[in-house]
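# A look at the structure
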Amino acid sequence: MEMAVHELESGILGIDLSGRMDIVGTQQIDLKFSVLTSTRRAQILVDLSNVTFIASIGIRTLIVSAKAQKLRGGSMVLYKPNDQVEEVLRATGIQAIIPIAHDLDAARGVFGAA
Amino acid sequence: MEQLRDLEHWVAQLGAEQLLSPVLVHHIDLCLTELVSNVIHYGYPDGKPGTLRIRFRREPERIVICIEDDGTPFDPTAYVPAGLPTSLADADTGGRGIRLVRHFADELYHLASAAGNQLTLVFRSPRPARAADRGA
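Conventions used here
Residues numbered from 1 in each chain as written. Chains lettered and ligands numbered in written order. Predicted model: local features only at pLDDT ≥ 70, side-chain atom pairs only at ≥ 80, totals over all residues. Pairing = 2+ DSSP bridges. Helix = DSSP H or I, 4+ residues; strand = E, 2+ residues; numbered from the N terminus. Contact = placed C-beta atoms within 7 Å. Core = buried A, V, L, I, M, F, W, Y, C linked by C-beta atoms within 7 Å. Buried ≥ 20, exposed ≤ 12 C-beta atoms within 10 Å, placed from the backbone. Arc of directions from axis to C-beta. Axes fitted to C-alpha atoms, helices over the stretch in contact; angles between N-to-C directions. Parallel < 35°, antiparallel > 145°, perpendicular 65-115°, else oblique. Left-handed = near helix turned anticlockwise from the far one by under 90°. Nonpolar A, V, L, I, M, F, W, Y, C, P; charged D, E, K, R; others polar.

## Topic: the pairing of strand E4 (residues 116-124) of chain B
Residues and elements named next belong to chain B. Sheet topology places strand E2 (residues 62-69) next to E4; eight bridges connect them, and they run antiparallel. By the bridge assignment, Glu68 is partnered in E4 with Gln118. The turn linking strand E3 (residues 107-113) back onto E4 is made up of two residues.

Below you can see the structure in the form of structure tokens.
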């Protein structure tokens, strides 16, 4: 997997993930992702549009980071997962605890409400 | 865990050869990834080498996949997943793999034997279009 980081407008931290989020792929980004999402308060937009596959280990990484960020007073939004990835996320009820957004306005709304 | 890449390629090849829909290929890929990861992680706690075999059978309207391993007995059909999370604070961080398998496989059977585990997954699948039909 690969990961890219950039500042979006209004102080939102964008993290773009790409590739296959199974055990092998998740191990490649897990440490960097955890440090980025857990060590300071932030509004984090995790762009999943280029994630082609997600398994339970990938969902675990997202939840661990979202929990850590919430403890710091920040928040996380999952952005533009493809149909297959979103189907897996919803099968585990993740949308109830980490919002999923398909456009930036919706994501901004989540951050504004958090 | 590099075997997971071989598994991914095997499933993709299977899907192409059997004219399976991308959605069905994804469901098979996910279930096998979860189950094989479980066996590799938990099936051989003492580090002894083991063998895992996956067999595929196409029936008229379903796909049958059998996973056999000689690791620690584990019956995923008896495992009760935790309920869906209602808050981030209360959400478990793990334990979602078996839930995903149960969600995406249409049927799941486990048979324990002296040799280990035999797990059978069934995916309902429409009969693929024949070449003559596709050309019609």
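## Examining the interface of chain A and chain B
Facing the 21 residues of chain A at the interface are 22 residues of chain B. For the side of chain A that touches chain B, the secondary structure elements donating two or more residues are helix H1 (23-38), helix H2 (56-71) and helix H3 (83-91) of chain A.

## Some remarks on the nonpolar core
Side chains that are nonpolar tend, in soluble globular proteins, to be buried together. By size, the foremost hydrophobic cluster in this structure holds 52 residues, and its most contacted members are A:Val46, A:Val77, A:Leu78 and B:Cys31. For this core, the element with the highest residue contribution is helix H2 (residues 22-42) of chain B, accounting for seven residues.

## A short note on helix H3 (residues 97-104) of chain B
In terms of residue burial, H3(B) counts as a mostly covered element, since six of its eight residues are buried. Among the residues of H3(B), B:Gly97, B:Ile98, B:Arg99, B:Leu100, B:Val101 and B:Phe104 are the ones counted as buried. Elements in contact with the buried residues of H3(B): H2 and H3 of chain A together with H2 and E3 of chain B.

## Thoughts on H3(A)
Every α-helix carries 3.6 residues per turn, so stepping three or four residues along brings you back to the same face. Restricting attention to buried positions, one finds in H3(A) the residues A:Val85, A:Val88 and A:Leu89. Seen along its axis, H3(A) keeps its buried residues to an arc of 100 degrees; they face one direction. Of the surrounding secondary structure, the elements contacted by the buried residues of H3(A) are strand E3 (43-54), H2, strand E4 (75-79) and strand E5 (100-101) of chain A together with H2 and H3 of chain B. Once H3(A) ends, the next one or two residues include A:Gly93, with phi positive near 75 degrees.

## Some details on unusual backbone geometry
The backbone of A:Lys80 sits at a positive phi, close to 55 degrees, despite the residue not being glycine. On the secondary structure map, A:Lys80 appears in the loop between E4 and H3. Of note in this structure, B:Leu19 is not a glycine but carries a positive phi near 55 degrees. In this structure, B:Leu19 sits in the loop between helix H1 (3-17) and H2.

## Some remarks on the packing of H1(B) against H2(B)
Residue and element names in this part refer to chain B. As a packed pair, H1 and H2 sit with axes 10 Å apart at the nearest point and diverge in direction by 155 degrees. On the basis of the axis angle, H1 is roughly antiparallel to H2. The two elements H1 and H2 cross, and the hand of that crossing is right-handed. Note on element contacts: H2 touches H1 through Val25, Ile28, Asp29, Leu32, Thr33, Val36 and Ser37, opposite Leu4, Leu7, Glu8, Val11, Ala12 and Gly15. Its residues assigned to classes, the contact of H1 with H2 shows eight nonpolar, three polar and two charged.

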